[in-house]
Amino acid sequence: MRLAWKPGRGAVPSMGWQRRGGGGILTMPVPQEWRGTSMQVCGLWPFSIGSGTPMVGVPFGRHLLTGSTVCFDPISWFKRAHLIANPSAFFMGLPGLGKSSAVRHLIMGLAAVGVHSMVLGDLKPDYVDLVRVLGGQVIEVGRGRGRINPLDSGAWPASAGDLPRKLRKELREDAHGRRLTMLSSLVHLARNAPPTDREEAILDRALLVLGKRLERTPVIGDVLDVVRQAPDNVREVAIDRGSLDRYRDITEGLEATLAGMLSGRFGDVFSGQTTTPMDLDRPVVFDVSSINENDKALEAAVLMCCWSYGFGQINAANALADAGLVARRHYLVVMDEIWRALRAGHGMVDRFDAITRLNRATGTGQVMITHTMKDLESLASEEDRAKARGFIERAGAVVCGGLPGTEMTALTKAVTLSRVEQDMLTGWQDPPTWDSTTGEEGDPPGLGKFLIKVGGRPGIPVKVTLTPSELDVNDTNKRWQA
Ligand SMILES: Nc1ncnc2c1ncn2[C@@H]1O[C@H](COP(=O)(O)OP(=O)(O)O)[C@@H](O)[C@H]1O
Ligand SMILES: [Mg+2]
């Protein structure tokens, strides 16, 4: 609440009142502002005003222009406030400006209302400490650290008992689809070229054979065995025209790729059942930080596996909850640095889309994080680029941090941004100033600043404020300080 001086009779001259106790004043003192719920504040102070932004969801930060509290999280904005069309948010902005920190802030806020977060692939690690503090599960995946079975998806808890036939069929088909997508993606990443139609058909049939043969979840070794055993229905789609020699020639490449996945390029990461199964009763993070940044194929493969595994589990849990067999849980799925997998090869965007689809999305929020449009625009084909733009267009909310001016042409194709909003974003990417007293760089001007965009509505500029305890678990520059 500010008191403005009304000019008119008795207006203060520029040098103040020339009398005892008067004089010039250089700065106008700003009265202290307080904020509280209308329940409490109305009894204390009559001059209360409402907030221009929705007060539903995790307290995210302060409005940069009005200073009012901004609450935001994709689940509450979708479910309670009906502000967005689906419970998802797409974060983008230059590295180091606080995207991961803002998402950690969301994870913590949502944990307070019983939403479990699943961080499906943490490359830094950015989320491990937070998930530990929240009492969650940290699953390590990497060479010699822990395996993840790419065919592991859609398992349902034994506590669910006997499933109705329709539901069982639905879940089995979902798991089959995910497995096939995962296998094709791995073949693609292992040989840097997509599998042929014929090879995809062979993999599809091999998985069907395994589905009938095995009680347990199949592993890649099982698929390789089936391909080598050449059962009739696999030979049928291999079109070997009745000649086993021809079949061997046709499957030779696929056999080599599958065998190579178990030891070669990918180490032991995909060589067996998942070492630590995911627990759906608490927050989870897949710590994949041991994978070398230059090991691009493995990095992309592991990220895809974590996404497929996590989404499969959540899909099964949602289906069971819909059928009333288990209690409903809300989840927030976090996918950080998605560009690393999308850029791994032509067609990855499609596979990403297939893997991260939920048949029953009820109550599952999704957060995707990437750096810049350039990452997406550098995809190999126009088709992939258009599809990647589609992720942004379809996201319930787009949250933009500081971005270079060169991004705006591409960004405005996917998000409507006014001139002022564009200037705001480019202003936030300015480098930090040098503090000559401390001899250190200050914080970059855009640190923690984001513009929340929902469709064509004006964006909400917000500064994410982290509490000291959050900053403690949030410090991503730990290695340097140590
Ligand atoms: N709102 C904020 N206030 C203060 N420090 C922050 C804020 N957001 C991020 N940081 C700090 O900035 C650094 C980089 O943040 P990070 O979230 O990793 O960026 P990004 O994910 O965009 O690369 C971290 O050390 C973090 O502690
Ligand atoms: Mg980050």
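Here's a quick rundown of the structure. (Residues numbered from 1 in each chain as written. Chains lettered and ligands numbered in written order. Predicted model: local features only at pLDDT ≥ 70, side-chain atom pairs only at ≥ 80, totals over all residues. Heavy atoms only, no water.)

1. Some details on the overall build of the protein
Logical step 1: Helix and strand counts for the protein stand at 18 helices and 13 strands.
Logical step 2: A buried classification covers 49% of the 482 residues belonging to the protein.
Logical step 3: Look at the contacts in the protein between residues 6 or more apart in sequence, and 72% of them connect residues 24 or more apart.
Logical step 4: Accessible surface, the protein: about 23900 Å² in total, of which carbon and sulfur atoms supply 53%. (Helix = DSSP H or I, 4+ residues; strand = E, 2+ residues; numbered from the N terminus. Buried < 20%, exposed > 50% of the residue type's maximum accessible area, 1.4 Å probe, protein only. Contact = heavy atoms within 4.5 Å. Areas by Shrake-Rupley, 256 points an atom, 1.4 Å probe, with all protein chains shown as cover.)

2. Digging into the pairing of strand E3 (residues 88-92)
Logical step 1: Here E3 lies mainly inside the structure; five of its five residues are buried.
Logical step 2: Judged by which residues are buried, E3 turns out to be covered on both faces: Ser88, Phe90 and Met92 on one side and Ala89 and Phe91 on the other are all buried.
Logical step 3: As judged from the five bridges shared by E3 and strand E8 (residues 364-370), these two strands associate in the parallel manner. Residue pairing across strands places Ala89 opposite Val367, the latter belonging to E8.
Logical step 4: Pairing between E3 and strand E9 (residues 397-400): four bridges, direction parallel. Across the sheet, residue Met92 finds its bridge partner in E9, namely Cys400. (Pairing = 2+ DSSP bridges.)

3. Thoughts on the environment of Gln313
Logical step 1: The residue Gln313 is located in helix H10 (residues 296-322) in this model.
Logical step 2: Gln313 gets classed as buried once you look at its relative accessible area, which sits at 7%.
Logical step 3: Gln313 sits 160 residues away from Ser153 along the chain, and the two C-alpha atoms are 6.0 Å apart.

4. Here we look at helix H16 (residues 419-427)
Note that an α-helix has 3.6 residues per turn; residues three or four places apart therefore point the same way.
Logical step 1: For H16, the set of buried residues is Glu421, Gln422, Leu425 and Thr426. Buried residues in H16, looked at end-on, bunch into an arc of 135 degrees, giving them a common side. When the buried face of H16 is taken as reference, the exposed residues oriented beyond 90 degrees from it are Arg419 and Val420.
Logical step 2: Along its buried surface, H16 packs onto E9, helix H15 (408-414) and strand E12 (449-453). (Arc of directions from axis to C-beta.)

5. A short note on the pattern of salt bridges
Logical step 1: In this structure the tally under the stated criterion is 25 salt bridges.
Logical step 2: For the salt bridge of Arg191 with Glu199, the shortest nitrogen-to-oxygen distance reads 2.9 Å.
Logical step 3: Given a relative accessible area of 9%, Glu199 falls into the buried group.
Logical step 4: What emerges from the salt-bridge pattern is a single network uniting Lys124, Glu299, Glu337 and Arg340. (Salt bridge = Lys/Arg side-chain N within 4 Å of Asp/Glu carboxyl O.)

6. A word on the packing of helix H5 (residues 165-191) against helix H12 (residues 348-355)
Logical step 1: Two elements in contact, H5 and H12, have axes separated by 10 Å at closest approach and are oriented at 155 degrees. It follows that H5 is roughly antiparallel to H12 by the angle criterion. The interaxial crossing formed by H5 with H12 has left-handed handedness. When H5 is examined against H12, the residues Arg178, Thr181, Met182, Ser184, Ser185, His188 and Leu189 are found in contact with a partner set consisting of Met348, Arg351, Ala354 and Ile355.
Logical step 2: Taken together, the residues of the contact of H5 with H12 sort by class into five nonpolar, four polar and two charged. (Axes fitted to C-alpha atoms, helices over the stretch in contact; angles between N-to-C directions. Parallel < 35°, antiparallel > 145°, perpendicular 65-115°, else oblique. Left-handed = near helix turned anticlockwise from the far one by under 90°. Nonpolar A, V, L, I, M, F, W, Y, C, P; charged D, E, K, R; others polar.)

7. Quick notes on the packing of helix H6 (residues 197-213) against helix H7 (residues 220-229)
Logical step 1: At a closest axis distance of 9 Å, the pairing of H6 and H7 adopts a crossing angle of 105 degrees. As the angle between them shows, H6 and H7 are arranged roughly perpendicular. Along its contact with H6, which presents Ile202, Leu203, Ala206, Leu207, Val209, Leu210 and Arg213, the element H7 presents Asp222, Val223, Val226, Val227 and Gln229.
Logical step 2: For the contact of H6 with H7, the per-class residue count stands at nine nonpolar, one polar and two charged.

8. Things to note about the nonpolar core
Logical step 1: Counting 90 residues, the largest nonpolar core has Val223, Leu258, Phe266, Phe270, Phe286, Trp307 and Leu411 as its most contacted members.
Logical step 2: Of all the elements, H10 adds the most residues to this core, at 14 residues.
Logical step 3: Once residues lying within four places of it in the same chain are set aside, the contact partners of Phe270 are Ile148, Pro150, Leu186, Ile220, Met261, Leu262, Leu298, Ala301, Val302 and Cys305.
Logical step 4: Listed in part, the 34 residues of the second largest apolar core include Val58, Trp77, Val131 and Phe450. (Core = buried A, V, L, I, M, F, W, Y, C linked by side-chain atoms within 4.5 Å.)

9. Quick look at the sheet that holds E8
Logical step 1: Reading across the sheet, the eleven strands line up as E2-E1-E13-E12-E9-E3-E8-E7-E4-E6-E5 and stay open at both edges, with mixed pairing between neighbours. Each edge of the sheet is formed by a strand with only one pairing partner; in this case those strands are strand E2 (69-71) and strand E5 (137-140). Between one strand axis and the next, the sheet turns through 25 degrees on average, direction left out of account.

10. Re the packing of aromatic side chains
Logical step 1: Using the criterion set out here, one finds seven aromatic pairs in the structure.
Logical step 2: When the ring of Phe60 is compared with that of Phe72, the centres are 5.4 Å apart and the planes differ by 70 degrees; the resulting orientation is edge-to-face. Of this pair, Phe60 sits in strand E1 (residues 59-63) while Phe72 is found in the loop between E2 and helix H2 (74-79), placing the two residues twelve residues apart along the sequence.
Logical step 3: Relative to Phe270, the ring of Phe266 lies with its centre 5.3 Å away and its plane at 85 degrees, an arrangement referred to as edge-to-face. (Phe/Tyr/Trp six-rings, centres within 6.5 Å; stacked < 30°, edge-to-face > 60°.)

11. Topic: the side chain of Arg235
Logical step 1: Positionally, Arg235 belongs in helix H8 (residues 232-238).
Logical step 2: In this structure the side chain of Arg235 is engaged in a polar contact, spanning 3.4 Å, whose partner is the backbone oxygen of Gly242.
Logical step 3: The residues contacting Arg235, other than those within four sequence positions of it, are Ala230, Asp240, Gly242, Ser243, Leu244 and Tyr247. (Polar contact = N/O pair within 3.5 Å; in protein donor to acceptor, adjacent residues only side chain to side chain.)

All quantities given are derived from atomic positions and should not be read as evidence of function.
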